[in-house]
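# Observations on the three-dimensional arrangement
The chain contents come next:
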Amino acid sequence: MVVPTIGARWFYGRASTFAMISLTRWTGLGPGHQTTHASTFKEYSVSTPHKTVDIAFLQDFAAAWNRHDLEALMGFMAEDSEFHAVAGPDLLGRSFKGLQAIREGFALAWQTFPDAAWLDGDHFVCGDRGVSESTFCGTKADGSRVEARMVDVFTFKNGKIAVKNAYRKDRPALAAK
């Protein structure tokens, strides 16, 4: 028997409201004996003192990336924010700390891939964390193309992005068109 449920849970010491669809199969061992096969959690919004961070917030952030709108992107970032790029010499890739460094790091994406696009976005927010999943597509100056799934993992503070940590599949470059 499949049982959908809706509820609230505590994450990191505070309440977080979400809708949970839980596919539960009763084992036949009596009441209370069940196995959960899959659960999907979807956070609808998180209130902060200054602004609500929700799925629309991440959709707008993604849209600014696709417009190559650096000024709009910077408006989403907290004063003391950090950006960890998909590649670089450090454990977290190349890290950019502070608004000026992040501005340069974001601009580097379009310098490397002038036609960069993030497609098929899917987003969720849970508490002060969020994730955006998309397909990154871009062409380098030598004509080689990248097309790979990626995620951005976010930490929010006071209605802004405090940390943007980007991860992308390490897929070989595609041949030039």
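Here's a quick rundown of the structure. (Residues numbered from 1 in each chain as written. Predicted model: local features only at pLDDT ≥ 70, side-chain atom pairs only at ≥ 80, totals over all residues. Heavy atoms only, no water.)

## A few points about helix α1 (residues 55-67)
Quick note on the threshold: By definition, any uninterrupted DSSP run of H or I lasting at least four residues is a helix, any uninterrupted run of E lasting at least two residues is a strand, and each is numbered from the N terminus. How far a helix is expected to stretch is found by multiplying one less than its residue total by 1.5 Å. Only protein chains enter the calculation, and the probe is 1.4 Å; a residue is then buried if its accessible area is under 20% of its type maximum, exposed if over 50%, and partly exposed in between. Counted as a polar contact is a pair of N or O atoms within 3.5 Å, where, for protein atoms, one must be capable of donating a hydrogen and the other of accepting one, and residues adjacent in sequence contribute only when both atoms are in side chains.
Between its first and last C-alpha atoms α1 spans 18 Å; for 13 residues at 1.5 Å apiece the expected length is 18 Å, and the two agree. Along α1, the residues that are buried comprise Ile55, Phe57, Leu58, Phe61, Ala64 and Trp65. You can read the cap of α1 off the contacts: a side-chain oxygen lies 3.2 Å from the backbone nitrogen of Ala56, and it is on Asp54.

## Here we look at the side chain of Asn165
The cut-off we apply is this: Here, residues are in contact when the closest pair of their heavy atoms is within 4.5 Å.
Summarising the element assignment, Asn165 is placed in strand β11 (residues 160-168). Every residue in contact with Asn165, bar those within four places of it in the chain, is listed here: His84, Leu92, Val151, Asp152 and Val153.

## Details of the sheet that holds strand β7 (residues 95-97)
Definition in use: Here, strands pair whenever DSSP counts at least two bridges between them. Axes here mean lines fitted to C-alpha atoms, for a helix over just the part in contact, with angles spanning 0 to 180 degrees between N-to-C directions.
Strand order in this open sheet of six strands is β7-β6-β11-β10-β9-β8, and the pairing throughout is mixed. Whereas interior strands pair on both sides, the edge strands pair on one side only; in this sheet they are β7 and β8 (117-126). Taken over all neighbouring pairs, the strand axes of this sheet differ in orientation by 15° on average, direction set aside. Relative to β11, strand β10 (residues 145-157) runs antiparallel, the two being bridged by eight bridges. Paired with Lys157 across the bridge in β11 is Lys160. Here α1 sits on the sheet and contacts β6 (77-84), β8, β9 (129-139), β10 and β11; the angle it forms with β8, its principal contact strand, is near 160°. The strands that helix α3 (residues 99-112) touches are β6, β7, β8, β9 and β11; relative to β6, the one it contacts most, it runs at about 45°.

## Thoughts on the pattern of salt bridges
What counts is decided by this rule: We count a salt bridge whenever a side-chain nitrogen from Lys or Arg sits within 4 Å of a carboxyl oxygen from Asp or Glu.
The full count for this structure, using the stated rule, is five salt bridges. Glu71 is the partner of Arg103 in a salt bridge, and the nearest nitrogen-oxygen pair spans 2.7 Å. Highlighted residues: Arg103 in helix α3 and Glu71 in helix α2 (residues 70-76), separated in sequence by 32 residues. Overall, the relative accessible area of 25% leaves Arg103 in the partly exposed class. Residues Arg149 and Glu133 are paired through a salt bridge, measuring 3.1 Å at the closest nitrogen-oxygen approach. Here the residue Arg149 occupies a position in strand β10, and Glu133 occupies one in strand β9, the gap between them amounting to 16 residues. Judged by relative accessible area, Arg149 falls into the partly exposed class, the value being 31%.

## Digging into unusual backbone geometry
Phi at His68 takes a positive value of approximately 60°, unusual for a residue other than glycine. By secondary structure assignment, the location of His68 is in the loop between α1 and α2. Phi at Asp120 is positive, roughly 55°, even though this residue is not glycine. As for its placement among the helices and strands, Asp120 is situated in strand β8.

## Some thoughts on the side chain of Arg145
Our working definition: We count Lys and Arg on the positive side and Asp and Glu on the negative side, and we leave His and both chain ends out.
Locating Arg145 in the fold gives a position in strand β10. Of the side chains bearing the opposite charge, Glu147 lies closest to the buried Arg145, which forms no salt bridge; the N-O distance is 4.3 Å. With sequence-adjacent residues up to four places away left out, Arg145 is seen in contact with Gly138, Thr139, Ala173, Leu174, Ala175 and Lys177.

## Quick notes on the packing of aromatic side chains
Rules: Think of it this way: a Phe, Tyr or Trp ring, Trp meaning its six-membered ring, pairs with another when their centres are within 6.5 Å, and the plane angle makes it stacked under 30 degrees, edge-to-face over 60, tilted otherwise.
For the coordinates displayed, the defined rule picks out 13 aromatic pairs. Between Phe57 and Phe156, the ring centres sit 5.9 Å apart and the planes meet at 90°, which makes this aromatic pair edge-to-face. Highlighted residues: Phe57 in helix α1 and Phe156 in strand β10, separated in sequence by 99 residues. For the pair formed by Phe57 and Phe156, the shared burial category is buried. Plain terms: the ring middles of Phe83 and Phe106 are 4.9 Å apart, the flat faces sit at 70° to each other, and that makes the pair edge-to-face. Placement of Phe83 in strand β6 and of Phe106 in helix α3 is noted, with a sequence separation of 23 residues between them. Take Phe106: its relative accessible area is 0%, and that puts it in the buried class.

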